[in-house]
There are 2 protein chains.
Amino acid sequence: MEKLKEYVSVKDEDHFYHQGAVELLIFNFLLILTILTIWLFKNHRFRFLHETGGAMLYGLVMGLIIRYVTKSPDVESGTVYECEKLKSGPSTLLINITNQVYEYQYKREISHHNVNGHQGNAMLQKMTFDPSIFFNILLPPIIFHAGYSLKKRHFFRNLGSILTYAFLGTAISCIVIGLIMYGFVKAMVHIGQLKEWEFHFTDCLFFGSLMSATDPVTVLAIFHELNVDTDLYTLLFGESVLNDAVAIVLTHSISIYSPKENPNAFDAAAFFQSVGNFLGIFAGSFAMGSSYAVVTALISFHLTKFTKLCEFPMLETGLFFLLSWSAFLSAEAAGLTGIVAVLFCGVTQAHYTYNNLSPDSKMRTKQLFEFMNFLAENVIFCYMGLALFTFQNHIFNPLFIFGALVAVFVARASNIYPLSFLLNLGRKQKIPRNFQHMMMFSGLRGAIAFALAIRDTASQPKQMMFSTALLMVFFTVWVFGGGTTPMLTWLQIRVGIDPDEDLNVKAASQSASNLDKNTTKAESAWLFRIWYGFDHKYLKPLLTHTGPPLTSTLPEWCNPVARLLTSPSAYGDQLKDSDTVYIINNDELTENYESSAHVPVPAQDSTGSIQATGKEDIQEGDIGLGRYKLQLQQTAGQPQKNSLA
Amino acid sequence: MEKLKEYVSVKDEDHFYHQGAVELLIFNFLLILTILTIWLFKNHRFRFLHETGGAMLYGLVMGLIIRYVTKSPDVESGTVYECEKLKSGPSTLLINITNQVYEYQYKREISHHNVNGHQGNAMLQKMTFDPSIFFNILLPPIIFHAGYSLKKRHFFRNLGSILTYAFLGTAISCIVIGLIMYGFVKAMVHIGQLKEWEFHFTDCLFFGSLMSATDPVTVLAIFHELNVDTDLYTLLFGESVLNDAVAIVLTHSISIYSPKENPNAFDAAAFFQSVGNFLGIFAGSFAMGSSYAVVTALISFHLTKFTKLCEFPMLETGLFFLLSWSAFLSAEAAGLTGIVAVLFCGVTQAHYTYNNLSPDSKMRTKQLFEFMNFLAENVIFCYMGLALFTFQNHIFNPLFIFGALVAVFVARASNIYPLSFLLNLGRKQKIPRNFQHMMMFSGLRGAIAFALAIRDTASQPKQMMFSTALLMVFFTVWVFGGGTTPMLTWLQIRVGIDPDEDLNVKAASQSASNLDKNTTKAESAWLFRIWYGFDHKYLKPLLTHTGPPLTSTLPEWCNPVARLLTSPSAYGDQLKDSDTVYIINNDELTENYESSAHVPVPAQDSTGSIQATGKEDIQEGDIGLGRYKLQLQQTAGQPQKNSLA
């Protein structure tokens, strides 16, 4: 009898482990299918369904199969037990069953009308993995890769517009969605579909903030393949990257907004606390991410200076990978936002650390992050497809879904059109009407919106939000993602443009009005110029093997410290580097910056494959002023630095 | 009130997610420390504590801190609740607490004397992650990498001895440990430390099989750095790789061995069923792993033949990675042994698929697997250190631990010495006495023993086995791992040997007795030669771009099919390839094989870094007869094949 029980338990264990393998196998299978599909699409230049849409479709079909084909093996569950002694749900429950103590772990709250549908299909339960896996494992590589492969030159040309869309635009979008949803919720309460106390205005705002995270992975991939106008590409890319960060912090701030009394009434103190929270979290995360990158740069720089970490590219790559991930995790652990931290960590790593890596490690890290980004992205899209059928606590409310559909469109429109109008007042290079339409059309919802929604599905309003967000992702990815190519044709947006030629054409067309442009640039770039000078004089020499030695830039009395911190390779250049003083000359810098925009750039950006994105831009290795440094080197005659950058 | 509750729940959620980040952060921190330590050790040529020992030490210290410094935040747990209605522990428990339904998931059984110590420290619970993560995620890359980087030439020279140690040796070890432990268990029952029905002979055998998996990661790393005698290296590497596979299948077979009546009596039927199980599982896993590799080769070959998957190295790498992992998962899902499948998948991938990859993908896959192997290995060793203090259900029994210590030594001795004696009867090149001592000394227990033990900690005997196995890992890694370098000196084993020079020296010393050696080789190689002919004539042309076209090797009537399956590049060689017929000539082949052993081999194997291991051997790209092919090409005059191999 005792033996029998043990035997059964071993069998159960076996079953349990094979289950884990089956889940992973399903994902592997879906990913293999997706890769083969991508390969097929690439070969046949098929663009009406993108790989992400394809991954989602495969996930959906697989979810359908798992849901309706696999049997429910566990008869016991579905029964609700009563425990009078328990007052609240502890995270761990020890239960004495027939004189044996078993440990149970808390999973979630279940809405009453889902209890019956909760047939205890173990397969379905296994397929819906812990949302913290999204946040801690799948998202960081995607966001890091975005930061690491940022086209800095184009990004900084449009920085003002991008920041406006990302911060102001996301805030507008959040509030508009929140207001519209509140209207719909009121209507639902009126017709009795919802109870008053279940859905507050803050919940609507929460939904608004999570639905404001746009994810144009699909659109940008198509843009990249077609070589769409670089300004449009940069605006969309920059907006979506920063907008994710803003939406995440916003969601967090709203979720901890807690007015003292009536949750529907406006509480000024709590509101300002939330605004303060938002700013604090954003700044803190930014600082956290950058500091990790600086630490990585310092380690890789100062260790390699004295010894030879670069002889072990594996250790270097490992350190780089772990420290970047730690930036994310530390921010999360400190109550900040990991996504923001890892984004700016990526940008800073590309700027400093990348220059310190051995050539072998440079390639390794690039390929590693590309690969992880690729896998993580496709896993998320497959999972989104699966979740429609495998998640067991869906609450689909037609009115709420319809409301969300309306709200998302109205919010996107009231984000793009008014802001573009305002920006065009200040921009020399206007954002044309067809670009605005395209940006409006590219407001896809994807991984971030999904991840924010699935993060909390404990209560019923949250479950309804999750189900609705999931449907919005499906709708936008398939309809808008699929319609990108026709839309480009319809809006007569130029495709097949060499991004660098583009820059030259635009520069040439403006060279007539060069004089007044010069002043505009100089005005907008003053902060930038101070930063650049500081970066070039102190940070670059401290953190990388490039730039002048610190002994020449720091005051006399700092010499002993400076000598310790400077790279030996910089010493060799010390005599030649006397001409770096003219960096402080502002006009000179502006002049150089301006003229750099006219210099024909080698056509290294025109590669047609997605894989190439990461490589090109990092080669620039400079903050928006890539060409300037090249010129400085030409005047100073230090060809060996050029090969390092 | 309602709002307050929601607010609290949001706070809890926040806490919950940050916890996930904290755990991962701890691992990241440990890994970063380990990497910095490795770098330090490499720089100072410090060899008394290897990186794996270091990782374990850091884990131990961290575990100590987590255990005794962090507070127990959850007051509720530690209380055991009664539920009269429950008869057994369901995998999911729905509980109604104050009119809300909560979902709980089954974790484990807890021994009564651990209930009080089970203070519900959430941190500790989080740190002990699901053992299926070991099996499904951390182990596959390590084992795959072992197979992928197998030194085929040296491996096949010692194949007979390796198979003997791996199969016969592991079986001996398992039985000896089982018998000794049974003696100790009887003694424990006698003095009242254990109840009769708790520990059967099968449990002792189970413990024996899991303790038979040796893991000389530490030893081999040191051997590699010091360039220890290649034969010793190959014997240990081959033994440990195959021995893991054997031990895992053995453990599985024993766990499903279920005699009908008295569990202590010998049941012949059940025994033979277990033996059958063992053979079936091993063969099945081998077939599963090889087929996945063949499928990968076919896809990468036939897709690239018609189109251009190689233009997208990311897709190729992704496919390679996912299919290899699928081999593991499919085997697990089918009730076979994933480790065996992924091992042979790695060997086959290196033999066929590797040749089809684009140069970019070749490097990417190598670096990816190296990196994953490195990370996984260090995570496991850190985790082992952590587990000593964070695992909450340890049962340390001094007598049992002492018994295990004795048993492990006696078992290793009765494995190595008698088998070496037997093997020396048949071997031309004897295994010297000091090699035998070194092999005896290198019987470290590591990741596999730990993973097998942690896989099942549901019952109390299993918990005792786990705690004991963990201590054995600590002891062997620190004492034996640390003592490797002194032991090598003490045993006067040659170090600093160029592996290829070594081969030549040995070949030269034997060239006097060349005539009788020729016959010995020919005898032992007949199976091998048949396989080689088949491989070269049919498999290589079918699966890779090398070898003669199928149209020349298949019979006339197969021509239409053969034409379809042959690589276009092979067609070009069709006319020249008429001389491949002489492969069927056995004497010729043997002659070539023999002479190849005398040819001075370019010194490409002598690189001193661990990172290089993977690269060298795969470049051989052939099954033990690397030089033979080169020679054949020289006679046939096809230099372009050489560059492909």
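Naming follows an unreviewed UniProt entry, where chain A appears as Sodium/hydrogen exchanger of Acrocephalus arundinaceus. Regarding chain A, the relevant UniProt record gives this comment under Sequence similarities (unreviewed entry): "Belongs to the monovalent cation:proton antiporter 1 (CPA1) transporter (TC 2.A.36) family."

Judged by nonpolar contacts, the single largest core of 290 residues is most densely connected at Phe-223 of chain A together with Phe-223 of chain B. Beyond its immediate stretch of four places on either side in the chain, Phe-223 of chain B contacts Val-228, Leu-232, Tyr-233, Leu-236, Met-438, Ser-442, Thr-484 and Leu-488 of chain B. Formed by eight residues, the second largest nonpolar core is a distinct cluster that contains Ile-95, Tyr-102 and Tyr-104 of chain A together with Tyr-102 of chain B.

Glancing now at the packing of aromatic side chains. A complete count under the given rule lists 52 aromatic pairs over all chains for this structure. When the ring of Phe-320 of chain B is compared with that of Phe-369 of chain B, the centres are 5.7 Å apart and the planes differ by 50°; the resulting orientation is tilted. Within this pair, whereas Phe-320 of chain B is found in helix H12 (residues 313–333), its partner Phe-369 of chain B is found in helix H14 (residues 359–390), the two being separated by 49 residues in sequence. Each member of the pair, Phe-320 of chain B as well as Phe-369 of chain B, carries the same accessibility label: buried. Following the ring pairs from residue to residue traces out a cluster consisting of Phe-27, Tyr-383, Phe-391, Phe-450 and Phe-466 of chain A. The ring of Phe-135 of chain B has Arg-455 of chain B sitting right over it, with the charged end atom 3.8 Å from the ring centre. Between Lys-462 of chain B and the ring centre of Phe-206 of chain B, over which it is positioned, the NZ or CZ distance is 4.7 Å.

Below, the discussion takes up the pattern of salt bridges. Applying the stated criterion across every chain yields a total of eight salt bridges over all chains. Across the pair Glu-370 of chain A and Arg-364 of chain B runs a salt bridge, and its minimum N-O distance is 3.5 Å. Of this pair, Glu-370 of chain A sits in helix H13 (residues 359–390) while Arg-364 of chain B is found in helix H14, placing the two residues in two different chains. A salt bridge links Arg-364 of chain B to Asp-360 of chain B; the shortest N-O distance between them is 3.6 Å. Taken together, the positions of Arg-364 of chain B and Asp-360 of chain B, both in helix H14 and four residues apart, correspond to about one turn of that helix. Through salt bridges with shared partners, a single ionic network connects Asp-360 and Arg-364 of chain A together with Glu-370 of chain B.

Phi at Gln-492 of chain A takes a positive value of approximately 55°, unusual for a residue other than glycine. Look at Gln-492 of chain A and you get exposed, because its relative accessible area is 69%.

Below, the discussion takes up a nonpolar patch on the surface. Residue and element names in this part refer to chain A. Side chains of Phe-402, Val-406, Phe-409, Val-410, Phe-475 and Val-479 sit close together on the surface and give an oily, nonpolar patch of about 460 Å² of accessible area. Looking at which element gives the most residues to the nonpolar patch, the answer is helix H14 (residues 398–426), with four residues. Relative to the elements of secondary structure, Phe-409 occurs in helix H14.

The next point concerns helix H18 (residues 460–482) of chain B. When the terminal C-alpha atoms of H18 of chain B are compared, their 33 Å separation across 23 residues agrees well with the 33 Å that a helix rising 1.5 Å per residue should span. The element H18 of chain B is extensively covered by neighbouring structure, given that 18 of its 23 residues are classed as buried.

Residue and element names in this part refer to chain A. Taken as a whole and judged by the stated rule, the model has zero disulfides over all chains. Between Cys-174, a cysteine without a disulfide, and Cys-204, which holds the nearest cysteine sulfur, the sulfur-to-sulfur distance is 11 Å. Under the relative-accessibility criterion, Cys-174 is labelled buried at 3%.

Let us look at the environment of His-145 of chain B. All names here are of chain B. Counting through the fold element by element, His-145 comes out in helix H5 (residues 131–148). Note: C-alpha distance between His-145 and Gly-346 (201 residues apart in sequence) is 6.9 Å. Those residues in contact with His-145 that sit more than four places away from it in its chain are Phe-369, Glu-370 and Asn-373.

Thresholds, definitions, all that
Per chain, residues are indexed from 1 in the order of the written sequence. All chains are assigned letters beginning at A, and all ligands numbers beginning at 1, according to the order in which they are written. Per-residue local features are limited, in this predicted model, to residues with pLDDT of at least 70; the limit for side-chain atom pairs, both in listing and counting, is 80 or more; totals at the level of whole chains, interfaces and linings are taken over all residues. Values shown for side chains rest on all heavy atoms present in the structure; no hydrogens or waters enter the calculation. UniProt positions are given in the numbering used here, feature names are shortened, and annotations may be inferred rather than shown by experiment. Residues enter a nonpolar core if they are buried and are Ala, Val, Leu, Ile, Met, Phe, Trp, Tyr or Cys, with the set joined through side-chain atoms within 4.5 Å. Throughout, exposure labels follow a simple rule: accessible area from a 1.4 Å probe, protein chains only, divided by the maximum for the residue type, with under 20% read as buried, over 50% as exposed, and the rest as partly exposed. Two residues qualify as a contact provided that any one of their heavy atoms is within 4.5 Å of a heavy atom in the partner residue. Between rings of Phe, Tyr and Trp, where Trp is taken as its six-membered ring, a pair exists when centres lie within 6.5 Å; planes separated by under 30 degrees are stacked, by over 60 edge-to-face, and by other angles tilted. Going along the chain from the N terminus, every DSSP run of H or I of four or more residues is numbered as a helix, and every run of E of two or more is numbered as a strand. Only Lys NZ and Arg CZ are tested; either one counts as a charge over a ring when it is within 6 Å of the ring centre and within 35 degrees of the ring normal. Every case where a carboxyl oxygen of Asp or Glu lies within 4 Å of a side-chain nitrogen of Lys or Arg is listed as a salt bridge. Residues form patches when they are more than 30% accessible in relative terms and have no salt bridge. Like charges link within 9 Å. Nonpolar side chains (Val, Leu, Ile, Met, Phe, Trp, Tyr) link within 5 Å. Exposure was quantified through the Shrake-Rupley algorithm and a 1.4 Å probe, taking into account, for residues, occlusion by the shown protein chains and nothing else. Here a helix's expected span is defined as the number of its residues, less one, multiplied by 1.5 Å. Sulfur atoms of two cysteines make up a disulfide when they are within 2.5 Å.

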